[in-house]
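Topology and contacts: notes
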Amino acid sequence: MPSISAVLKPLLGTLAGIVGIYAAFVCLLTIPTLQDHVIFLHKVTLTWFQDVNVPEQWGFLRNQVTPFHLKTPDGQTLHAWHVLPLETYRKNQKELREEPTGLCEDIEDRLSFKLLKEDPTAQLVIYFHGAAGTLGSGWRPQSYRALSATSTNVHILAIDYRGFGTSTGWPSEAGLLTDGLTLVKFALDEAGIPPERIVVFAQSIGTAVAIAVTHHYALQSPPVLFAGTVLVAPFADVAQLARTYKVAGTVPLLSPVAFFPKLLALLNRFIRTKFPSKEKLADMIRHLDSAKTGERRRKYDITLIHAEDDYDIPWIHSDVLFWHAVNATLEPSASLTFDDLEKIKAKQKTPLGAGGWEMEWEGKGGVVREQIVKHGLHDRIMSYPVVSLAVSQAFHSQDEARD
Ligand SMILES: *[C@@H]1O[C@H](CO)[C@@H](O)[C@H](O)[C@H]1NC(C)=O
């Protein structure tokens, strides 16, 4: 029957073509440089033809944002933004307007920096953005505004990691951690903000940086604890992310390969970026919980927030992270399975109807909570009140501990 084969042949040909292209793509993923492009998407700047030293383009007031450079210990130059709280801006509007705009040569000369450094009530969000884009792309400007345009005194320091935007270098797991630590060190040492007035905030791939940074400081002796760490749309680790990630919420990356576990395991061996967030989170909690009560002056406060309609990183990742965190608060003999915790959550979580639900778990040395909202997608959730509230609750977490 010539007619059927005439139809089938091109169809099969197309199918073989698609499978072939996908197989070639998966093989290409074993090349480190290409992996970096897929994981960090740092060349997808999204703010094409826009100068990230002109924050007015994203709706900010004149000198509400001060762009500046930070040097890392390994010789990279990071592009950073300091966003002023709206109230602080109002009180100093006249002087701020008179200052020069654009990339600032010496941040320490600027009024904005003095308003952070010299105000003992200033609170600071250290902001680690997600993959792709720059400081000004996507929902990030809206997110800075949602955090800083409140009645409280919240400043924001955000960076473009190495290889992103106008920062120098090429991204890597270790490099992003160095960048994160450089920003925190600047906040602690140059701006002189104590950790209890700092909340580490991150979204998407930034959550891996935030967890690594928080872990690094928690393991100091004595531990350095921030007011809180707020993680939006986090992921458990790169191996699980690769299995579930969809580019732009639609194109599955490796989920077709995941049907062949051996092949996926093989491929994961080639992926050099690991970001073992679930292990780091658990390790940090175990470490802090085991400190003697007398030595424990402050508490860890970790919030995981995820939207059910996040099509880029599914919210099961927050379930997995929360499980590892809760398990780390238990005695080693009382190991908890994922399903055990799901049963406990079914009984103990606080249902919020169309707002989703939340669940809080207290360890000996602090609190970890999971908040799942029904709506918010992957990015726009950053600008939602659930996130602003979590950040402001984190700022207050230490007062409550002191009461
Ligand atoms: C849970 O904690 C125990 C001991 O603290 C550990 O041996 C086990 O591997 C942990 N489970 C997971 C899934 O991490």
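Residues numbered from 1 in each chain as written. Predicted model: local features only at pLDDT ≥ 70, side-chain atom pairs only at ≥ 80, totals over all residues. Heavy atoms only, no water.

In the neighbourhood of the ligand, the contacting residues comprise R286, W323, H324, N327, P332 and S335. Within the contact set of the ligand, an oxygen atom lies 3.3 Å away from a side-chain nitrogen or oxygen of R286. Summarising the interface, the protein chains cover 61% of the accessible area of the ligand, which totals 360 Å² for the free molecule. No other element matches helix α12 (residues 316-329), which puts three residues into the shell around the ligand. Grouping the constituent residues of the shell around the ligand by class yields two nonpolar, three polar and one charged. (Near = heavy atom within 4 Å. Polar contact = N/O pair within 3.5 Å; in protein donor to acceptor, adjacent residues only side chain to side chain. Areas by Shrake-Rupley, 256 points an atom, 1.4 Å probe, with all protein chains shown as cover. Helix = DSSP H or I, 4+ residues; strand = E, 2+ residues; numbered from the N terminus. Nonpolar A, V, L, I, M, F, W, Y, C, P; charged D, E, K, R; others polar.)

What follows is about empty space enclosed by the protein. Counting across every chain of the model gives three cavities of 30 Å³ or more. When its volume is computed, the largest cavity comes out at roughly 210 Å³. In this structure, the largest cavity is lined by 16 residues; those nearest its centre are V38, I39, L241, Y245 and L253. Listed by contribution, the elements that provide at least two residues to the lining of the largest cavity are α2 (32-40) and α9 (238-244). Counted by class, the lining of the largest cavity contains 13 nonpolar, three polar and no charged residues. Its boundaries defined by the atoms lining it, the second largest cavity holds a volume of some 60 Å³. Lining the second largest cavity are T214, L225, F226, G228, T229, M284, Y300, D301 and I302. (1 Å grid on protein atoms, 1.4 Å probe; cavity = no way out; pocket = protein on both sides within 12 Å on 5 of 7 lines; lining within 4 Å. Points joined across faces, edges and corners; volume = space filled by probe spheres on them.)

Soluble globular proteins: nonpolar side chains tend toward being buried together. Core analysis: the largest hydrophobic core is formed by 76 residues, its most contacted members being F128 and L254. L254 has contacts with Y22, V26, L29, A242, R243, L264, L267 and I271, leaving out every residue within four places of it along the chain. One finds V83, Y127, V230 and A390 within the second-largest nonpolar core, a separate group that totals 30 residues. (Core = buried A, V, L, I, M, F, W, Y, C linked by side-chain atoms within 4.5 Å. Buried < 20%, exposed > 50% of the residue type's maximum accessible area, 1.4 Å probe, protein only. Contact = heavy atoms within 4.5 Å.)

Cis geometry marks the peptide bond from S221 to P222; its omega dihedral reads -5°. We note that L41 has phi near 50°; this positive angle belongs to a residue other than glycine. Position of L41 relative to the elements: it lies in the loop between α2 and β1 (65-71). Notably, F275 is not glycine yet its phi reads approximately 40°, a positive angle. For F275, the position within the fold is in the loop between α10 (261-270) and α11 (277-289).

Attention now moves to a nonpolar patch on the surface. Together, I4, V7, L8, L11, L12, L15 and V19 give the surface a local cluster of nonpolar side chains, amounting to about 660 Å² of exposed area. Counting through the fold element by element, V7 comes out in helix α1 (residues 2-28). (Patch = residues over 30% accessible without salt bridge, like charges linked within 9 Å, V, L, I, M, F, W, Y side chains within 5 Å. Salt bridge = Lys/Arg side-chain N within 4 Å of Asp/Glu carboxyl O.)

Where side chains of opposite charge bring their charged atoms close, a pairing between them can arise. By the definition in use, this model includes 15 salt bridges. Between E98 and K94 there is a salt bridge whose closest N-O contact spans 3.5 Å. Here K94 and E98 lie together in helix α4 (residues 93-98), a separation of four residues that amounts to about one turn. Overall, E98 belongs to the exposed group, its relative accessible area being 60%. For D301, the salt bridge goes to R369, with nearest N and O atoms at 3.1 Å. With D301 in strand β9 (residues 300-307) and R369 in strand β12 (residues 366-373), this residue pair connects regions lying 68 residues apart in the sequence.

With that out of the way, let us pick up the side chain of T77. When you line up the elements, T77 lands in strand β2 (residues 77-83). Only 2.9 Å separates the side chain of T77 from the side chain of K71, close enough to count as a polar contact. Setting aside residues no more than four positions away along its own chain, T77 makes contact with H69, L70, K71, S167 and T168.

Moving on, we get to a negative patch on the surface. Together, E105, D106, E108, D109 and E190 make up a region of like negative charge exposed at the surface. Residue position: E190 is located in helix α7 (residues 173-190). (Lys, Arg positive; Asp, Glu negative; His and termini not counted. Charge placed at Lys NZ, Arg CZ, Asp CG, Glu CD.)

What follows covers the packing of α12 against helix α13 (residues 338-348). α13 packs onto α12 with a crossing angle of 100° between their chain directions and a minimal axis gap of 10 Å. Judged by the inter-axis angle, α12 sits roughly perpendicular to α13. Facing I316, D319, V320, F322, W323 and V326 of α12, the residues of α13 in contact are F338, L341, E342 and K345. Per-class residue counts for the contact of α12 with α13 are seven nonpolar, no polar and three charged. (Axes fitted to C-alpha atoms, helices over the stretch in contact; angles between N-to-C directions. Parallel < 35°, antiparallel > 145°, perpendicular 65-115°, else oblique.)

Here we come to the sheet that holds strand β11 (residues 357-363). In spatial order, the strands read β1-β2-β4-β3-β5-β6-β9-β12-β11-β10; together these ten strands make up an open sheet with mixed pairing. One side of each edge strand has no neighbouring strand; the edge strands of this open sheet are β1 and β10 (350-351). Along the sheet, α11 makes contact with β9, β11 and β12, crossing β9 at roughly 155°. (Pairing = 2+ DSSP bridges.)

Scanning the model with the defined rule gives 14 aromatic pairs in all. Note on F40 and F275: the rings are 6.4 Å apart at their centroids and 85° apart in plane angle, and the pair reads as edge-to-face. Placement of F40 in helix α2 and of F275 in the loop between α10 and α11 is noted, with a sequence separation of 235 residues between them. Relative to F186, the ring of F113 has its centre 5.8 Å away and its plane inclined at 40°; by these criteria the two rings are tilted. Here F186 lies in helix α7 and F113 lies in helix α5 (residues 111-117), a separation of 73 residues in the sequence. (Phe/Tyr/Trp six-rings, centres within 6.5 Å; stacked < 30°, edge-to-face > 60°.)

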